Structures are given as structure tokens and as C-alpha cells.
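The primary structure of each chain is shown beneath.
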Amino acid sequence: MEPTNLHEVLRSVYEEMMPLCADMAAVAKGAAGLGALFYVAIKVWQSLSRAEPIDLFPMLRPFAIGICIMFFSTLVLGSINGVLSPIVQGSHSMLENQVLDLNELQEKKDLLEREAMLRNPEMAYLISNEEFDKKLEDLGWSPSDLVTMSGMYIEREMFAIKKDIRDGFREFLEILFQAAALVIDTIRTFFLIVLSILGPIAFAISVWDGFQTTLTQWLTRYISVYLWLPVADIFSSILAKIQSLILERDIEMLADPTFIPDTSNTVYIIYMVIGIIGYFTVPTVTGWVIQAGGAGNFMRNVSQTATKSGNIAGAAAGSATGNISGRLLK
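Looking at an unreviewed UniProt entry, one finds the protein named Bacteroides conjugative transposon TraJ protein, with Chryseobacterium joostei as its source organism.

Below you can see the structure in the form of C-alpha cells.
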């Protein structure tokens with residue numbers, strides 16, 4: 001299954017879990033009703049004891065919250081999701097455009113890179129069967145030619161092994177990159193489901209004196225978690241744009257007939273490691289947009305795990321791409 005399909009599965013899970021809010025709303029109505037009774041009674045008693053006129057406006061708060069609880073799925077979640085959904089769609093469209101350009105540039109670079117390697121007589125026979133057979137035909141059957149022929153076979157196999165190792169490591173980093181995005185989206189979906197199901201309870205508790213901040217905390221946390229996906233898409237768009245600029249520069253150099261390409265893909269591997277670590281900064285960046293608490297310790301542990309994973313990936317990339325890239329990744 002493709003990662004994009006897994007993201008769609010998470011959306012479906014969120015939508016299918018929303019009817020459970022109605023079950024919690026039935027419980028929340030009783031708690032909110034009891035809280036409203038005590039809230040109104042205290043306000044009236046305070047006004048009577050002070051011989052002051054009764055102010056009806058503050059007493060409307062429990063009734064407004066009660067209406068929100070009764071129609072929680074449509075009035076509360078529907079309104080918030082309706083306002084925030086265009087942000088998600090806009091950031092996702094940015095990502096799709098960047099990825100489309102990136103794929104086109106990558107295909108063009110691969111084609112030019114192969115053509116540049118074929119122009120180099122020292123590397124042409126390593127990737128082309130025709131050039132390899134042609135070079136074998138030019139050799140004779142003398143002992144020195146047989147040694148040269150054996151060296152060509154060994155060199156060709158070593159080149160194929162190195163290419164397989166590089167491609168395998170690149171695919172491994174791409175899997176980790178996609179896994180990091182899925183981890184963020186899965187945690188986001190879990191938080192949204194819990195906040196949505198227990199939202200009526202949070203609204204009911206906010207009716208009671210001393211718990212009024214529960215309502216604002218629920219709203220800020222829900223909005224903050226909801227914005228994780230747009231921030232992650234923007235981060236992915238930035239990485240895709242950087243890679244597109246790098247590919248454009250490589251294409252310009254490959255257009256030079258005298259240029260010999262480097263097939264190590266060091267820069268690509270470095271940015272994959274940066275992307276893997278960067279995904280776990282999404283909750284922190286979202287906290288700058290809207291201040292919310294409650295998940296600090298959890299995300300601190302996630303960030304520490306991401307740092308350790310990044311160190312391991314950096315060490316592996318260093319061993320695969322050379323001492324220079326190893327020092328950069330460290």
C-alpha cells in the first residue's frame with residue numbers, strides 16, 4: 001500500500017470515529033446540567049446576599065455551552081474543521097505541485113546522467129552491455145588480454161554491487177522519511193480522535209466554577225494538533241523545492257559534454273536525513289502558531305528518539321558516502 005493511501009486511511013478512521021461523540025454528549029449533558037444548576041444558583045445567591053441586581057448575561061454561558069454539547073459534532077467540530085480544512089488543502093496542493101516538478105526533474109537528470117556516463121570511455125562499459133561487448137571484442141586471447149578481461153568483469157560486478165548498495169540505502173532512507181511523516185500523521189489522528197470524543201466532557205467540566213479554562217485549553221490543543229498536517233506539508237514542500245534547485249543545478253552541469261557526473265548522491269542522502277529529523281519538529285513549530293500545552297513531555301520523548309535515529313542514520317550515511325559526508329552529518 002502506498003503512503004498516500006495510508007494517509008487516506010487515517011482520514012477515514014477519524015471520520016468513522018466521530019459518531020462516538022454522540023455517546024459522550026449524553027453523559028456530558030448530565031454533568032453540564034448539574035454544573036449549570038450550581039453555577040446559576042451561586043450567581044443568584046451572591047447577588048441577593050450583596051443586595052445587587054441580578055446580572056443575567058453571565059448566566060447565559062452554561063446554556064450556550066449546553067447547546068454546543070447537544071450539537072457537538074456539527075456545531076463545534078463541523079465549524080472548526082470547516083475553517084481549518086482550507087488550510088490543509090492549500091498546503092497539500094503546494095506539496096503536490098513541488099513533488100510533481102521534482103519527479104520531472106529527477107527523470108531528466110537520470111537520463112542526462114546516463115548519457116554523460118556513456119560519453120566517458122572509462123565508465124561506459126560499466127553501465128552499457130553494448131559498450132562492454134564492444135570492448136571485449138577489441139581484446140585478443142593473449143595472457144595480458146585475458147587478465148584485462150577478468151579485471152573488466154570484476155570491475156563491472158563491483159560497480160553493480162556499489163550501485164545496489166547505494167540504491168538500497170537510498171530506498172531505506174526514503175522509507176524512513178515516509179515513516180516519519182506517517183508517525184506524525186498517526187499521532188495527530190490519535191490526538192484529534194481523543195479530543196473529539198472527550199470534547200463534550202471537557203465542555204461540560206468547563207461549566208463548573210474553577211474549570212472555565214478547560215474550554216479554551218481544549219480549543220487551543222485541538223487547533224494546534226489539527227495544524228500539524230499543514231506544517232508537515234509546508235516542510236515537505238520546502239525540502240522538495242531545495243531538491244528541485246539542486247537537480248536544476250545538476251542538469252545544467254550535465255549539459256556540459258566534458259562534465260563527469262558523481263553517482264554517490266551524497267547531497268540527496270543528507271537532505272533525506274535532515275527531512276527525517278525535521279518532521280519531528282512539526283509539533284514545536286505548530287506551537288509557535290498557536291500556544292497549546294498538554295503534550296510537551298510526549299513530544300520531548302519523540303524529539304529525543306528522533307535525535308537518536310538521526311545520529312544512527314547519519315553514521316550509516318557517513319559510512320556509505322565517505323568521511324566527508326560523515327562529518328557533515330555528525
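S.K.: So what exactly am I meant to see when it comes to the overall build of the protein here?
M.R.: Looking only at helices and strands, the protein has 14 helices and zero strands in total. Shown N-terminal to C-terminal, the secondary structure of the protein runs as helices and strands in the order α-α-α-α-α-α-α-α-α-α-α-α-α-α. Looking at the protein as a whole, 39% of its 330 residues qualify as buried. Residue pairs in contact within the protein that sit at least 24 positions apart in sequence constitute 81% of those at least 6 positions apart. For the protein, the exposed surface amounts to about 19,300 Å²; the carbon and sulfur share of it is 65%.

S.K.: Mind showing me how you'd approach the UniProt feature "transmembrane region" (unreviewed entry) in the protein here?
M.R.: UniProt annotation of "transmembrane region" (unreviewed entry) refers to residues 20-42, 62-84, 190-211, 223-247 and 267-290 when read in the numbering used here. As annotated, residues 62-84 has a helix share of 96% and a strand share of 0%, and its two end C-alpha atoms lie 26 Å apart. Across residues 190-211 one finds 68% helix and 0% strand; the C-alpha atoms that close the span lie 25 Å apart.

S.K.: Sorry if this is basic, but what is going on with a nonpolar patch on the surface here?
M.R.: Taken together, the side chains of Leu34, Leu37, Phe38 and Ile42 present a nonpolar region at the surface, about 370 Å² in accessible area. The residue Ile42 is located in helix α2 (residues 20-49) in this model.

S.K.: Help me understand the side chain of Ser244 in this model?
M.R.: Inspection of the secondary structure assignment puts Ser244 in helix α10 (residues 228-254). Residue contacts for Ser244: discarding those within four places in its chain leaves Gln98, Leu102 and Leu105.

S.K.: Looking at this structure, I do not really get helix α3 (residues 60-70). What am I missing?
M.R.: Count 3.6 residues to each turn of an α-helix, and residues three or four apart come out pointing the same way. All buried positions along α3 are accounted for by Pro62, Ile65, Gly66 and Ile69. Buried residues of α3 fall within an arc of 105° about the axis and therefore sit on the same side.

What counts and what doesn't
Residues numbered from 1 in each chain as written. Predicted model: local features only at pLDDT ≥ 70, side-chain atom pairs only at ≥ 80, totals over all residues. Heavy atoms only, no water. Helix = DSSP H or I, 4+ residues; strand = E, 2+ residues; numbered from the N terminus. Buried < 20%, exposed > 50% of the residue type's maximum accessible area, 1.4 Å probe, protein only. Contact = heavy atoms within 4.5 Å. Areas by Shrake-Rupley, 256 points an atom, 1.4 Å probe, with all protein chains shown as cover. UniProt positions renumbered as here; feature names shortened; annotations may be inferred. Patch = residues over 30% accessible without salt bridge, like charges linked within 9 Å, V, L, I, M, F, W, Y side chains within 5 Å. Salt bridge = Lys/Arg side-chain N within 4 Å of Asp/Glu carboxyl O. Arc of directions from axis to C-beta.

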